[in-house]
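Chain and residue survey
Residues per chain are reported as follows:
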Amino acid sequence: VTYALRSFQALAAERLRAETLERLSTEARLAQLTQQMQPHFLHNALNTIAALVHDDPAAADAALLHLSQLLRAATGASRRPLHPLHDELALARSYAALMQQRFGAQRVRLEWDTDAAPPIDVPALSLQPLMENAFVHAVEPRSGPTTLRISARRQDDHLLLQVADDGPGPQAAAGRPGGGVGLDNLRERLQALYGPA
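Right, let's walk through the structure included here. Each residue is numbered by its place in its chain's sequence as written, counting from 1. pLDDT decides what is reported in this predicted model: residues at 70 or higher carry local features, side-chain atom pairs at 80 or more are listed and counted, and totals for whole chains, interfaces and linings draw on all residues regardless. Neither water nor hydrogens contribute to the side-chain values; these are computed over all heavy atoms in the structure.

A word on the overall build of the chain. Runs of E in the DSSP output that reach at least two residues are strands. Runs of H or I that reach at least four are helices, and both are numbered from the N terminus. Scanning the chain for helices and strands turns up 5 helices and 5 strands. Put simply, the chain runs from its N terminus to its C terminus through helices and strands in the order α-α-β-α-β-β-α-β-β-α. Throughout this description, buried means an accessible area under 20% of the type-specific maximum (1.4 Å probe, protein chains only), exposed means over 50%, and partly exposed covers the range between. Counting only residues that meet the buried cut, the chain has 31% of its 197 residues in that class. Contacts are residue-level and defined by heavy atoms, with any inter-residue pair within 4.5 Å sufficient. A sequence separation of at least 24 residues applies to 78% of the contacts in the chain between residues at least 6 apart. Here the Shrake-Rupley method, with its probe set to 1.4 Å, supplies the accessible areas, and only the displayed protein chains count as covering residues. Working note: accessible area of the chain is about 11700 Å², and carbon and sulfur atoms make up 56% of it.

Next up on the list: the packing of aromatic side chains. How two aromatic rings sit relative to each other is given by the distance of their centres and the angle of their planes. Paired rings are identified among Phe, Tyr and Trp, the last through its six-membered ring, by centres lying within 6.5 Å, and are further divided according to the angle between planes into stacked (under 30 degrees), edge-to-face (over 60) and tilted (the rest). Under the criterion given, the structure shown has 2 aromatic pairs. Judged by centre distance (6.1 Å) and plane angle (80°), the rings of Y95 and F135 are edge-to-face. With Y95 in helix 3 (residues 85-103) and F135 in helix 4 (residues 128-139), this residue pair connects regions lying 40 residues apart in the sequence. Aromatic pair F103 and F135: ring centres 6.0 Å apart, planes at 5°, arrangement stacked. Placement of the pair is F103 in helix 3 and F135 in helix 4, with a sequence separation of 32 residues. Across this residue pair, the class does not change: F103 and F135 are buried. Three or more aromatic residues link up through ring pairs in this structure, and these residues are Y95, F103 and F135. Over a ring means this: the NZ of a Lys or the CZ of an Arg is within 6 Å of the ring centre and within 35 degrees of the ring normal. Sitting above the plane of the W112 ring, R93 keeps its charged end 4.2 Å from the centroid.

The next thing to look at is helix 3. When the terminal C-alpha atoms of helix 3 are compared, their 27 Å separation across 19 residues agrees well with the 27 Å that a helix rising 1.5 Å per residue should span. Looking at helix 3, one finds that the buried residues are L85, E88, L89, L91, A92, S94, Y95, A96, A97, L98, M99 and F103. Just downstream of helix 3 lies G104, where phi reads positive at about 95°. Take the residue count of a helix, subtract one, and multiply by 1.5 Å to get its expected span.

Core analysis: the largest hydrophobic core is formed by 29 residues, its most contacted members being M131 and F135. Of all elements in the fold, only helix 1 (2-53), helix 2 (57-79), helix 3, helix 4 and strand 4 (146-155) reach the threshold of two or more residues within this core. At 9 residues, the largest contribution of residues to this core is made by helix 3. By nonpolar core is meant a set of buried Ala, Val, Leu, Ile, Met, Phe, Trp, Tyr and Cys residues that side-chain atoms within 4.5 Å join together.

Our focus in this paragraph is the packing of helix 3 against helix 4. Note on method: axes are straight lines fitted to C-alpha atoms, helices fitted across the in-contact stretch only, with angles between N-to-C directions ranging 0 to 180 degrees. Here helix 3 crosses helix 4 at 20°, and the two axes come no closer than 10 Å. Regarding the angle of helix 3 to helix 4, the classification is roughly parallel. Of the two elements, helix 3 crosses helix 4, and the hand of that crossing is right-handed. Mapping the contact onto sequence places E88, A92, Y95, A96, M99 and F103 in helix 3 and Q128, M131, E132, F135 and V139 in helix 4. Partitioning the contact of helix 3 with helix 4 into residue classes produces 8 nonpolar, 1 polar and 2 charged. Roughly parallel means an angle under 35 degrees; roughly antiparallel, over 145; roughly perpendicular, 65 to 115; everything else is oblique. The sense of a crossing depends on the near helix, which, turned anticlockwise from the far helix by less than a right angle, makes the crossing left-handed and, turned clockwise, makes it right-handed. Three residue categories are used. Nonpolar comprises Ala, Val, Leu, Ile, Met, Phe, Trp, Tyr, Cys and Pro, charged comprises Asp, Glu, Lys and Arg, and polar comprises the others, including Gly.

Backbone geometry at L125 places phi at a positive 60°, although glycine is not the residue there. Locating L125 in the fold gives a position in the loop between strand 3 (121-123) and helix 4. The buried category is assigned to L125, whose relative accessible area is 6%.

Before going further, it helps to spend a moment on the pattern of salt bridges. Between side chains of opposite charge, pairing is possible as soon as their charged atoms come close. We define a salt bridge as a side-chain nitrogen of Lys or Arg found within 4 Å of a carboxyl oxygen belonging to Asp or Glu. Following the criterion strictly, the structure yields 5 salt bridges and no others. A salt bridge links R149 to E111, with the nearest nitrogen and oxygen atoms 3.9 Å apart. Taken together, the residues R149 in strand 4 and E111 in strand 2 (residues 108-113) connect sequence positions 38 residues apart. Assessed through its relative accessible area of 35%, R149 is described here as partly exposed. Classification of E111 by relative accessible area gives partly exposed; the value is 25%.

In structure tokens form, the structure reads like this:
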């Protein structure tokens, strides 16, 4: 009986150690993936500011303030892979304001449907790559106005975050439909956090 009890305790302790190691491994992978987003995002943001510096110094100054807010949030995101949806939406608004400064308010119309957003935690920097794709594939190639609609709502027992635009849609890059650094990274983070769900 004593042997069986000790074996059971050892097995339970080993199982707990294995679960802890798996959790720590997942957390480390999420932190790494989140940090990968930062250079990608920073490169695009700095290009936006560089485009404004000579033509509109006041807009470049405002864009630097938005970038500062985003970098502060991105730095925090690498330490905690999940944060409140409210914070994610604030980050998305700062990113959208930065991009709207780049392209001009006459070229980008933003519609936010986030009043029904539930108070839950989401992966940090999850909306930014979706918004970036909309700006790259819908706003940038067009000279006319583009409408971006960002929505967040509960659908059954899931959260539906959506970034939609009235542009022509992305072209498949090198035979990889829906590929790209931002989306691939987001898919991998979602898979690490939620598995097949």
